[in-house]
Amino acid sequence: MNTYEVFLKKAGKEPFSHAGSLDAPDDELAVAYARETYGRRSEGEQMWVVDRTALLVGDEINLAMADRDHKHNDGRLVAELRQFDR
Amino acid sequence: MTSEINDMIPDATAKELILAFADDELCVGQNHSWWIAVGPFLEEDLAFTSIAQDELGHARALYSLLSDDIDLVAYGRPHSQYRSAHIAELLCHDWPSALVRHVLHDLAEEIRWTAMLDSTWLELRTVATRALAEEQFHVHHAVSLVKRLLSTSEGHMRLASVLNELAPLGREYFAGSDVGLLASGVLDASLAEQERTWMKRVEDLLDEFELDIDWGVAIPSQGREGTRSKDFSALHDEMVAVLRIDPLASW
(Lines give C-alpha, C1' and ligand atoms only; values in the text may rest on other atoms or scores of the structure.)
Protein backbone atom coordinates (compact mmCIF):
# COMPACT_ATOMS: atom_id res chain seq x y z
CA MET A 1 0.00 0.00 0.00
CA ASN A 2 1.10 3.57 -0.68
CA THR A 3 0.05 6.58 1.35
CA TYR A 4 -1.58 9.50 -0.44
CA GLU A 5 -2.52 13.02 0.64
CA VAL A 6 -5.83 14.37 -0.58
CA PHE A 7 -6.57 18.05 -1.24
CA LEU A 8 -9.94 19.51 -2.12
CA LYS A 9 -10.99 22.85 -3.50
CA LYS A 10 -14.46 24.29 -3.15
CA ALA A 11 -16.04 26.46 -5.82
CA GLY A 12 -15.00 30.13 -5.99
CA LYS A 13 -11.81 31.64 -4.69
CA GLU A 14 -11.17 29.18 -1.88
CA PRO A 15 -7.69 27.65 -2.15
CA PHE A 16 -7.03 23.91 -2.14
CA SER A 17 -6.85 22.63 1.39
CA HIS A 18 -5.76 19.37 2.92
CA ALA A 19 -8.68 16.96 3.36
CA GLY A 20 -6.80 14.00 4.80
CA SER A 21 -4.73 11.02 3.83
CA LEU A 22 -5.40 7.44 2.79
CA ASP A 23 -3.74 4.19 1.84
CA ALA A 24 -4.26 2.64 -1.57
CA PRO A 25 -2.54 -0.07 -3.62
CA ASP A 26 -2.04 2.17 -6.68
CA ASP A 27 -2.74 5.62 -8.14
CA GLU A 28 -5.95 4.62 -9.87
CA LEU A 29 -7.52 3.23 -6.71
CA ALA A 30 -6.18 6.17 -4.71
CA VAL A 31 -8.36 8.48 -6.79
CA ALA A 32 -11.39 6.20 -6.35
CA TYR A 33 -10.86 6.02 -2.59
CA ALA A 34 -10.21 9.76 -2.32
CA ARG A 35 -13.63 10.45 -3.77
CA GLU A 36 -15.44 8.00 -1.52
CA THR A 37 -13.45 8.91 1.60
CA TYR A 38 -13.31 12.70 1.37
CA GLY A 39 -15.45 13.88 -1.53
CA ARG A 40 -18.67 11.90 -1.59
CA ARG A 41 -20.69 14.64 0.16
CA SER A 42 -19.68 17.36 -2.32
CA GLU A 43 -16.94 18.69 -0.07
CA GLY A 44 -15.14 20.06 -3.09
CA GLU A 45 -15.34 20.46 -6.82
CA GLN A 46 -11.66 19.87 -7.58
CA MET A 47 -9.36 17.28 -6.09
CA TRP A 48 -5.62 16.67 -5.93
CA VAL A 49 -4.32 13.29 -4.83
CA VAL A 50 -0.58 13.25 -4.13
CA ASP A 51 1.64 10.26 -3.47
CA ARG A 52 3.25 11.10 -0.16
CA THR A 53 6.69 10.14 -1.48
CA ALA A 54 6.35 13.01 -3.97
CA LEU A 55 6.07 15.59 -1.19
CA LEU A 56 9.12 17.71 -0.40
CA VAL A 57 9.25 17.88 3.36
CA GLY A 58 10.89 20.95 4.89
CA ASP A 59 13.26 20.29 7.77
CA GLU A 60 13.51 22.20 11.03
CA ILE A 61 15.98 24.76 9.77
CA ASN A 62 13.44 25.96 7.18
CA LEU A 63 11.01 26.94 9.90
CA ALA A 64 13.48 28.16 12.54
CA MET A 65 13.62 31.82 13.69
CA ALA A 66 10.04 32.36 12.61
CA ASP A 67 8.98 33.97 15.88
CA ARG A 68 10.70 37.35 15.48
CA ASP A 69 8.72 40.45 16.45
CA HIS A 70 9.13 42.33 13.20
CA LYS A 71 7.49 39.50 11.28
CA HIS A 72 4.43 39.80 13.47
CA ASN A 73 3.60 43.47 13.04
CA ASP A 74 -0.17 43.75 13.02
CA GLY A 75 -0.19 47.52 12.47
CA ARG A 76 -1.64 48.26 15.90
CA LEU A 77 1.17 50.59 16.89
CA VAL A 78 0.75 52.70 13.77
CA ALA A 79 -2.99 52.80 14.28
CA GLU A 80 -2.56 54.02 17.86
CA LEU A 81 -0.15 56.76 16.78
CA ARG A 82 -2.59 57.98 14.15
CA GLN A 83 -5.38 58.03 16.68
CA PHE A 84 -3.17 60.19 18.93
CA ASP A 85 -2.36 62.64 16.10
CA ARG A 86 -5.98 63.42 15.39
CA MET B 1 -39.77 18.09 -28.08
CA THR B 2 -42.91 16.67 -29.66
CA SER B 3 -46.17 16.24 -27.82
CA GLU B 4 -45.97 12.57 -28.69
CA ILE B 5 -42.94 12.30 -26.39
CA ASN B 6 -44.60 14.26 -23.60
CA ASP B 7 -47.64 12.06 -23.72
CA MET B 8 -45.69 8.81 -23.38
CA ILE B 9 -47.37 6.59 -20.82
CA PRO B 10 -45.31 3.56 -19.80
CA ASP B 11 -47.04 0.25 -20.49
CA ALA B 12 -46.97 -2.88 -18.34
CA THR B 13 -43.81 -4.18 -20.05
CA ALA B 14 -41.96 -0.93 -19.33
CA LYS B 15 -43.05 -0.99 -15.69
CA GLU B 16 -42.04 -4.62 -15.31
CA LEU B 17 -38.59 -3.81 -16.69
CA ILE B 18 -38.17 -0.98 -14.18
CA LEU B 19 -39.41 -3.12 -11.31
CA ALA B 20 -36.83 -5.80 -12.16
CA PHE B 21 -34.06 -3.20 -12.37
CA ALA B 22 -35.13 -1.66 -9.05
CA ASP B 23 -35.19 -5.08 -7.38
CA ASP B 24 -31.68 -5.81 -8.67
CA GLU B 25 -30.48 -2.52 -7.20
CA LEU B 26 -32.26 -3.10 -3.90
CA CYS B 27 -30.77 -6.57 -3.48
CA VAL B 28 -27.24 -5.55 -4.44
CA GLY B 29 -27.37 -2.41 -2.27
CA GLN B 30 -28.57 -4.44 0.69
CA ASN B 31 -25.95 -7.12 0.02
CA HIS B 32 -23.09 -4.61 -0.31
CA SER B 33 -24.09 -3.03 2.98
CA TRP B 34 -23.30 -6.31 4.76
CA TRP B 35 -19.63 -5.25 4.39
CA ILE B 36 -19.98 -2.18 6.60
CA ALA B 37 -17.08 -2.30 9.08
CA VAL B 38 -15.80 -5.68 7.84
CA GLY B 39 -14.32 -4.61 4.48
CA PRO B 40 -10.79 -5.77 3.67
CA PHE B 41 -9.27 -2.39 4.66
CA LEU B 42 -10.62 0.94 5.81
CA GLU B 43 -10.59 2.77 2.47
CA GLU B 44 -12.21 -0.15 0.67
CA ASP B 45 -14.77 -0.50 3.42
CA LEU B 46 -15.79 3.14 3.00
CA ALA B 47 -15.86 2.98 -0.78
CA PHE B 48 -17.80 -0.28 -0.97
CA THR B 49 -20.45 0.75 1.50
CA SER B 50 -20.77 4.20 -0.06
CA ILE B 51 -21.53 2.36 -3.29
CA ALA B 52 -24.09 0.27 -1.38
CA GLN B 53 -25.84 3.50 -0.42
CA ASP B 54 -25.82 4.66 -4.06
CA GLU B 55 -27.39 1.39 -5.21
CA LEU B 56 -30.18 1.77 -2.67
CA GLY B 57 -30.61 5.32 -3.95
CA HIS B 58 -31.01 3.96 -7.46
CA ALA B 59 -33.61 1.48 -6.23
CA ARG B 60 -35.51 4.30 -4.53
CA ALA B 61 -35.44 6.44 -7.68
CA LEU B 62 -36.71 3.55 -9.81
CA TYR B 63 -39.46 2.50 -7.39
CA SER B 64 -40.63 6.11 -7.24
CA LEU B 65 -41.39 5.87 -10.98
CA LEU B 66 -43.85 3.09 -10.17
CA SER B 67 -45.49 4.07 -6.92
CA ASP B 68 -45.85 6.81 -4.33
CA ASP B 69 -45.46 4.27 -1.54
CA ILE B 70 -41.96 3.04 -2.20
CA ASP B 71 -41.61 1.29 1.15
CA LEU B 72 -44.56 -0.87 0.29
CA VAL B 73 -43.13 -1.74 -3.13
CA ALA B 74 -39.59 -2.27 -1.86
CA TYR B 75 -40.39 -4.27 1.25
CA GLY B 76 -44.04 -5.20 1.28
CA ARG B 77 -44.42 -7.65 -1.58
CA PRO B 78 -44.68 -11.40 -1.24
CA HIS B 79 -41.39 -13.00 -2.31
CA SER B 80 -42.90 -14.31 -5.54
CA GLN B 81 -43.61 -10.73 -6.66
CA TYR B 82 -39.95 -9.68 -6.61
CA ARG B 83 -38.24 -9.74 -9.98
CA SER B 84 -34.56 -9.65 -9.03
CA ALA B 85 -31.94 -11.62 -10.96
CA HIS B 86 -30.54 -14.41 -8.81
CA ILE B 87 -27.00 -13.05 -9.00
CA ALA B 88 -28.22 -9.88 -7.25
CA GLU B 89 -29.67 -11.94 -4.41
CA LEU B 90 -26.49 -13.91 -3.63
CA LEU B 91 -25.31 -13.07 -0.14
CA CYS B 92 -21.61 -13.11 -1.14
CA HIS B 93 -20.23 -13.11 2.38
CA ASP B 94 -16.73 -13.86 1.08
CA TRP B 95 -14.77 -10.99 -0.44
CA PRO B 96 -13.90 -12.57 -3.83
CA SER B 97 -17.61 -13.21 -4.56
CA ALA B 98 -18.65 -9.79 -3.32
CA LEU B 99 -16.06 -8.09 -5.49
CA VAL B 100 -16.78 -10.18 -8.58
CA ARG B 101 -20.53 -9.59 -8.27
CA HIS B 102 -19.77 -5.87 -7.84
CA VAL B 103 -17.85 -5.66 -11.11
CA LEU B 104 -20.33 -7.79 -13.07
CA HIS B 105 -23.27 -5.85 -11.65
CA ASP B 106 -21.87 -2.40 -12.28
CA LEU B 107 -20.68 -3.17 -15.81
CA ALA B 108 -24.23 -4.36 -16.50
CA GLU B 109 -25.78 -1.39 -14.73
CA GLU B 110 -23.83 1.09 -16.80
CA ILE B 111 -25.14 -0.51 -19.98
CA ARG B 112 -28.71 -0.65 -18.66
CA TRP B 113 -28.78 3.05 -17.72
CA THR B 114 -27.18 4.01 -21.02
CA ALA B 115 -30.03 2.35 -22.92
CA MET B 116 -32.46 4.64 -21.02
CA LEU B 117 -30.60 7.93 -21.47
CA ASP B 118 -32.73 9.05 -24.40
CA SER B 119 -35.91 7.39 -23.19
CA THR B 120 -39.25 8.78 -24.22
CA TRP B 121 -40.33 8.07 -20.63
CA LEU B 122 -39.04 11.42 -19.46
CA GLU B 123 -38.96 10.73 -15.73
CA LEU B 124 -36.95 7.60 -16.44
CA ARG B 125 -34.56 9.59 -18.61
CA THR B 126 -33.93 11.99 -15.70
CA VAL B 127 -33.27 9.15 -13.28
CA ALA B 128 -30.95 7.43 -15.78
CA THR B 129 -28.93 10.59 -16.44
CA ARG B 130 -28.26 11.12 -12.77
CA ALA B 131 -27.55 7.48 -12.00
CA LEU B 132 -25.17 7.09 -14.91
CA ALA B 133 -22.98 9.93 -13.61
CA GLU B 134 -22.65 8.02 -10.33
CA GLU B 135 -22.16 4.78 -12.16
CA GLN B 136 -18.85 5.99 -13.61
CA PHE B 137 -17.38 5.93 -10.10
CA HIS B 138 -18.70 2.46 -9.39
CA VAL B 139 -17.24 1.05 -12.58
CA HIS B 140 -13.94 2.86 -12.06
CA HIS B 141 -13.67 1.45 -8.56
CA ALA B 142 -14.68 -2.10 -9.49
CA VAL B 143 -12.56 -2.35 -12.61
CA SER B 144 -9.46 -0.83 -10.95
CA LEU B 145 -9.60 -3.19 -8.01
CA VAL B 146 -10.30 -6.30 -10.07
CA LYS B 147 -7.45 -5.47 -12.46
CA ARG B 148 -5.12 -4.78 -9.58
CA LEU B 149 -5.89 -8.15 -7.99
CA LEU B 150 -5.83 -10.13 -11.23
CA SER B 151 -2.35 -8.83 -11.93
CA THR B 152 -1.05 -10.72 -8.88
CA SER B 153 -0.82 -14.50 -8.83
CA GLU B 154 -2.76 -14.89 -5.60
CA GLY B 155 -5.48 -12.53 -6.75
CA HIS B 156 -5.72 -14.32 -10.06
CA MET B 157 -6.01 -17.66 -8.33
CA ARG B 158 -8.72 -16.48 -5.96
CA LEU B 159 -10.81 -14.54 -8.47
CA ALA B 160 -10.64 -16.76 -11.56
CA SER B 161 -12.92 -19.53 -10.33
CA VAL B 162 -15.43 -17.04 -8.89
CA LEU B 163 -15.50 -15.12 -12.17
CA ASN B 164 -16.20 -18.33 -14.05
CA GLU B 165 -18.94 -19.26 -11.66
CA LEU B 166 -20.71 -15.88 -11.45
CA ALA B 167 -20.28 -14.35 -14.91
CA PRO B 168 -22.77 -16.73 -16.61
CA LEU B 169 -25.34 -15.87 -13.92
CA GLY B 170 -24.94 -12.19 -14.82
CA ARG B 171 -26.75 -12.81 -18.09
CA GLU B 172 -29.98 -12.78 -16.12
CA TYR B 173 -29.60 -9.02 -15.67
CA PHE B 174 -30.76 -8.80 -19.27
CA ALA B 175 -33.61 -11.28 -19.00
CA GLY B 176 -37.25 -10.27 -19.24
CA SER B 177 -39.47 -8.83 -21.92
CA ASP B 178 -38.64 -5.76 -23.98
CA VAL B 179 -41.45 -6.27 -26.48
CA GLY B 180 -42.49 -2.90 -27.88
CA LEU B 181 -40.02 -0.91 -25.78
CA LEU B 182 -37.76 -0.05 -28.69
CA ALA B 183 -40.72 0.98 -30.83
CA SER B 184 -42.09 3.23 -28.07
CA GLY B 185 -38.62 4.61 -27.39
CA VAL B 186 -38.44 3.59 -23.72
CA LEU B 187 -35.15 1.85 -24.56
CA ASP B 188 -32.78 2.46 -27.40
CA ALA B 189 -31.04 -0.92 -27.20
CA SER B 190 -32.81 -4.25 -26.85
CA LEU B 191 -32.04 -6.47 -23.85
CA ALA B 192 -30.31 -8.91 -26.20
CA GLU B 193 -28.07 -6.13 -27.55
CA GLN B 194 -27.33 -4.93 -24.03
CA GLU B 195 -26.41 -8.46 -23.03
CA ARG B 196 -23.97 -8.78 -25.95
CA THR B 197 -22.38 -5.43 -25.06
CA TRP B 198 -21.99 -6.56 -21.47
CA MET B 199 -20.45 -9.93 -22.36
CA LYS B 200 -17.99 -8.19 -24.65
CA ARG B 201 -17.12 -5.71 -21.90
CA VAL B 202 -16.48 -8.53 -19.40
CA GLU B 203 -14.39 -10.43 -21.97
CA ASP B 204 -12.33 -7.33 -22.77
CA LEU B 205 -11.62 -6.77 -19.09
CA LEU B 206 -10.46 -10.34 -18.54
CA ASP B 207 -8.67 -10.81 -21.82
CA GLU B 208 -5.51 -9.10 -20.65
CA PHE B 209 -5.31 -11.60 -17.76
CA GLU B 210 -5.78 -14.63 -20.01
CA LEU B 211 -9.11 -15.52 -18.53
CA ASP B 212 -11.79 -16.98 -20.78
CA ILE B 213 -15.33 -17.13 -19.51
CA ASP B 214 -17.35 -20.18 -20.47
CA TRP B 215 -20.76 -18.53 -20.86
CA GLY B 216 -22.56 -21.81 -21.50
CA VAL B 217 -26.05 -21.62 -22.90
CA ALA B 218 -28.38 -18.93 -21.62
CA ILE B 219 -30.55 -20.54 -18.96
CA PRO B 220 -34.17 -19.39 -18.76
CA SER B 221 -34.57 -16.63 -16.18
CA GLN B 222 -36.13 -17.71 -12.93
CA GLY B 223 -35.73 -14.47 -11.02
CA ARG B 224 -37.72 -12.41 -13.49
CA GLU B 225 -40.47 -15.04 -13.42
CA GLY B 226 -40.92 -14.81 -9.66
CA THR B 227 -38.83 -17.73 -8.39
CA ARG B 228 -36.45 -16.64 -5.65
CA SER B 229 -33.00 -18.07 -5.07
CA LYS B 230 -32.13 -19.78 -1.81
CA ASP B 231 -30.40 -16.65 -0.45
CA PHE B 232 -33.34 -14.30 -0.91
CA SER B 233 -35.23 -15.15 2.23
CA ALA B 234 -32.30 -14.31 4.53
CA LEU B 235 -31.61 -11.14 2.56
CA HIS B 236 -35.22 -10.03 2.73
CA ASP B 237 -35.37 -10.68 6.48
CA GLU B 238 -32.41 -8.34 6.88
CA MET B 239 -34.05 -5.71 4.66
CA VAL B 240 -37.24 -5.58 6.63
CA ALA B 241 -35.68 -5.98 10.09
CA VAL B 242 -36.04 -2.27 10.91
CA LEU B 243 -39.57 -2.04 9.52
CA ARG B 244 -40.58 -4.96 11.69
CA ILE B 245 -39.36 -3.09 14.75
CA ASP B 246 -40.75 0.27 13.62
CA PRO B 247 -43.43 0.08 10.93
CA LEU B 248 -43.35 3.87 10.56
CA ALA B 249 -39.63 4.05 9.76
CA SER B 250 -38.91 5.63 6.38
CA TRP B 251 -35.98 5.81 3.90
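A quick note: this is a predicted structure, and the numbers were derived from the prediction, not measured.

1. Concerning the overall build of chain A
Broken down by element type, chain A carries 3 helices and 3 strands. Traced from its N-terminal end to its C-terminal end, chain A shows the element sequence β-β-α-β-α-α. Taken over C-alpha atoms, the radius of gyration comes to 21 Å for chain A, far larger than the 12 Å a tight globule of 86 residues would show. In terms of overall dimensions, chain A has a C-alpha envelope of 65 × 35 × 15 Å along the principal axes.

2. Thoughts on helix H6 (residues 95-114) of chain B
Given a rise of 1.5 Å per residue, 20 residues ought to cover 28 Å, and the 28 Å separating the end C-alpha atoms of H6(B) matches this to within 8%. Buried residues dominate H6(B), accounting for 19 of its 20 residues.

3. What to know about the environment of B:Leu243
Note that B:Leu243 resides in helix H11 (residues 241-245). Exposure remark for B:Leu243: the relative accessible area of 21% places this residue in the partly exposed category.

4. Observations concerning the packing of helix H1 (residues 27-39) of chain A against helix H7 (residues 122-150) of chain B
Close contact between H1(A) and H7(B) brings their axes to 9 Å; oriented N to C, the two are set at 140°. Comparing their axes, H7(B) and H1(A) come out oblique. Between H1(A) and H7(B) lies a crossing whose hand is left-handed. Along its contact with H1(A), which presents A:Glu28, A:Leu29, A:Val31, A:Ala32, A:Tyr33 and A:Arg35, the element H7(B) presents B:Phe137, B:His140, B:His141, B:Ser144, B:Leu145 and B:Arg148.

5. Some thoughts on the interface of chain A and chain B
Of the residues lining the interface, 14 residues belong to chain A; the matching set on chain B comes to 13 residues. In total, chain A and chain B occlude about 1,300 Å² of area from one another, counting both sides; carbon and sulfur atoms represent 64% of this. Where chain A touches chain B, the interface holds 1 salt bridge. For B:Arg148, the salt bridge identified is with A:Asp26, shortest N-O distance 3.7 Å. There are 4 residue pairs in polar contact (both at pLDDT 80 or more) connecting chain A and chain B. Broken down by secondary-structure element, the contributors of at least two residues to the side of chain A that touches chain B are strand E2 (17-24) and H1 of chain A. The element contributing the most residues to the side of chain A that touches chain B is H1(A), with 8 residues.

6. Digging into the sheet that holds strand E3 (residues 46-51) of chain A
Residue and element names in this part refer to chain A. One open sheet holds the 3 strands; their spatial order is E2-E1-E3, and the pairing between them is antiparallel. Each edge of the open sheet carries a strand with a single partner, namely E2 and E3. In this sheet, adjacent strand axes meet at a mean angle of 25° when their direction is disregarded. Summarising the sheet, strand E1 (residues 2-9) and E3 pair through 6 bridges and their orientation is antiparallel. Across the sheet, residue Tyr-4 finds its bridge partner in E3, namely Asp-51. Here H1 sits on the sheet in contact with E1, E2 and E3, set at roughly 125° to E2.

7. Some remarks on the packing of aromatic side chains
Residues and elements named next belong to chain B. Applying the stated criterion to the full structure yields 10 aromatic pairs over all chains. Seen in terms of ring centroids, Phe-21 and Trp-113 are 4.5 Å apart; in terms of plane orientation they differ by 45°. Their pairing is tilted. Taken together, the residues Phe-21 in helix H2 (residues 12-33) and Trp-113 in helix H6 connect sequence positions 92 residues apart. Accessibility assignment for this pair places Phe-21 and Trp-113 in one class, buried. On the basis of an interplanar angle of 70° and a centroid distance of 5.0 Å, the ring pair of Trp-35 and Trp-95 is categorised as edge-to-face. Placement of Trp-35 in the loop between H2 and helix H3 (42-63) and of Trp-95 in helix H6 is noted, with a sequence separation of 60 residues between them. Connected via pairs of aromatic rings, a cluster forms that spans Trp-34, Trp-35, Phe-48 and Trp-95.

Quick notes on the rules
Residues numbered from 1 in each chain as written. Chains lettered and ligands numbered in written order. Predicted model: local features only at pLDDT ≥ 70, side-chain atom pairs only at ≥ 80, totals over all residues. Heavy atoms only, no water. Helix = DSSP H or I, 4+ residues; strand = E, 2+ residues; numbered from the N terminus. Rg over C-alpha atoms; globule rule 2.2 N^0.38 Å. Expected span 1.5 Å × (residues − 1). Buried < 20%, exposed > 50% of the residue type's maximum accessible area, 1.4 Å probe, protein only. Axes fitted to C-alpha atoms, helices over the stretch in contact; angles between N-to-C directions. Parallel < 35°, antiparallel > 145°, perpendicular 65-115°, else oblique. Left-handed = near helix turned anticlockwise from the far one by under 90°. Contact = heavy atoms within 4.5 Å. Buried area = accessible area lost by both parts, 1.4 Å probe. Salt bridge = Lys/Arg side-chain N within 4 Å of Asp/Glu carboxyl O. Polar contact = N/O pair within 3.5 Å; in protein donor to acceptor, adjacent residues only side chain to side chain. Pairing = 2+ DSSP bridges. Phe/Tyr/Trp six-rings, centres within 6.5 Å; stacked < 30°, edge-to-face > 60°.

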